[in-house]
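# Tertiary structure, described
Each chain, written out:
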Amino acid sequence: MDNEIIEYLKFLKDIGIDEIPRVKLTVSKPVNTEKKSVEEVLKQMAKEVANCKACPLSQKRQNSVLGEGNPHTDLMFIGEGPGADEDRQGRPFVGRAGQLLTKIINAMGLERSDVYISNVVKCRPPFNRDPEPEEIAACWHFIEKQIELIKPKVICTLGRISTKTILMTTESISRLRGRFGEYKGIKVMPTFHPSYLLRNPSAKKQVWEDMQKIMHYLAEHSETLGEKIKKKLEEYNGKN
Ligand code: URA
Ligand code: SF4
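For the structure given in this document, a descriptive report is provided here. The shown structure was predicted, so the numbers you read here are calculated from the model rather than taken from an experiment.

### A short note on the pattern of salt bridges
Applying the stated criterion across every chain, the model contains 14 salt bridges. Among the ionic pairs, Arg175 bridges to Glu171, the shortest N-O distance being 2.6 Å. Between Glu209 and Lys205 there is a salt bridge, with its nearest N and O atoms 3.3 Å apart. Of this pair, Glu209 and Lys205 are both found in helix α9 (residues 204–221), four residues apart, which corresponds to roughly one turn of the helix. A relative accessible area of 32% places Glu209 in the partly exposed class. Overall, Lys205 belongs to the exposed group, its relative accessible area being 59%. The network of salt bridges with common partners includes Arg177, Lys205, Glu209 and Asp210.

Spelled out as structure tokens, the structure:
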């Protein structure tokens, strides 16, 4: 017999009740208080996004793009929205701009799988136009939830749209970039979008300055990424 039932019977005896009450003695299942893992919630969200019709961007998409990477990371990159390649593959930043972002991440001493990469809208705006404010508003709850789940120490916003959305400001990206802002207690580093860098390679220098600020911050504040970043910083210092 189940230990719990035996204990219950002993307890009844102790308090002077010799007859077993006419109730069915069953052991109730423990209430499932276990929380879903971040991975499970993100998987569920990917399904929701794939079925979402909350804004007109749903009509032309081939694939929605929730985001990808390490959901336990301290560093999250947020872009604008999927382009043609991303729409085709259902993955963020895999086209030309994406390859440049990958190089930037590598230059920080990290792999794509060390960080999490996402966008403010999850479906491709036609002809790569800017997402409309109504579309950003309709999609906002997804990125909001992703940030809440991932809890990064630093968010790097890529370009004007993502920076304005996360920091809720109308200031220009060239004024905002290079200085840490804040979103719900998380450091936010705005920088130029990699597509802008493809058109204006000379701005790479400024983006690199911004990345170094992130690196120095995470070298001190990230248990998971700190060592890799420090190693890379030492490598750069050794070269100087
Ligand atoms: N540009 C973006 O903003 N996001 C992507 O995922 C790809 C290109
Ligand atoms: Fe839904 Fe966002 Fe796609 Fe619009 S962009 S349909 S809100 S997932």
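### Remarks on helix α2 (residues 38–51)
In this model α2 runs 20 Å from its N-terminal to its C-terminal C-alpha over 14 residues, within 8% of the 20 Å that 1.5 Å per residue would give. Among all positions of α2, only Val38, Val41, Leu42, Met45 and Val49 are buried. Axial view of α2: buried residues confined to an arc of 95 degrees, hence all on one face. Facing away from the buried surface of α2 by more than 90 degrees, the exposed residues are Lys43, Lys47 and Asn51. Packing partners of the buried residues in α2 comprise β3 (116–119) and α5 (133–150).

### Concerning the site of ligand 2
Around ligand 2 lies a shell formed by Cys52, Ala54, Cys55, Ser58, Arg61, Lys122, Cys123, Ala138, Cys139 and Phe142. Grouping the constituent residues of the shell around ligand 2 by class yields seven nonpolar, one polar and two charged.

### Thoughts on the site of ligand 1
As a structural note, the neighbourhood of ligand 1 is formed by Gly79, Glu80, Gly81, Glu86, Pro92, Phe93, Asn119 and His193. Glu80 is positioned such that a nitrogen or oxygen atom in its backbone is 2.8 Å from an oxygen atom of ligand 1. Contact distances for ligand 1 include 2.8 Å between an oxygen atom and a side-chain N or O atom of His193. Considering ligand 1 on its own, with 230 Å² of exposed area, one finds that the protein chains cover 92% of that surface. Its residues assigned to classes, the shell around ligand 1 comprises two nonpolar, four polar and two charged.

### Quick word on the packing of α5 against helix α6 (residues 159–167)
Two elements in contact, α5 and α6, have axes separated by 12 Å at closest approach and are oriented at 75 degrees. Judged by the inter-axis angle, α5 sits roughly perpendicular to α6. Where α5 approaches α6, its residues Ile136, Trp140 and Ile147 are matched on the opposing element by Ile161, Thr165 and Ile166.

Rules and cut-offs
Residues numbered from 1 in each chain as written. Chains lettered and ligands numbered in written order. Predicted model: local features only at pLDDT ≥ 70, side-chain atom pairs only at ≥ 80, totals over all residues. Heavy atoms only, no water. Salt bridge = Lys/Arg side-chain N within 4 Å of Asp/Glu carboxyl O. Helix = DSSP H or I, 4+ residues; strand = E, 2+ residues; numbered from the N terminus. Buried < 20%, exposed > 50% of the residue type's maximum accessible area, 1.4 Å probe, protein only. Expected span 1.5 Å × (residues − 1). Arc of directions from axis to C-beta. Contact = heavy atoms within 4.5 Å. Near = heavy atom within 4 Å. Nonpolar A, V, L, I, M, F, W, Y, C, P; charged D, E, K, R; others polar. Polar contact = N/O pair within 3.5 Å; in protein donor to acceptor, adjacent residues only side chain to side chain. Areas by Shrake-Rupley, 256 points an atom, 1.4 Å probe, with all protein chains shown as cover. Axes fitted to C-alpha atoms, helices over the stretch in contact; angles between N-to-C directions. Parallel < 35°, antiparallel > 145°, perpendicular 65-115°, else oblique.

Honestly, it's all geometry; don't read function into it.
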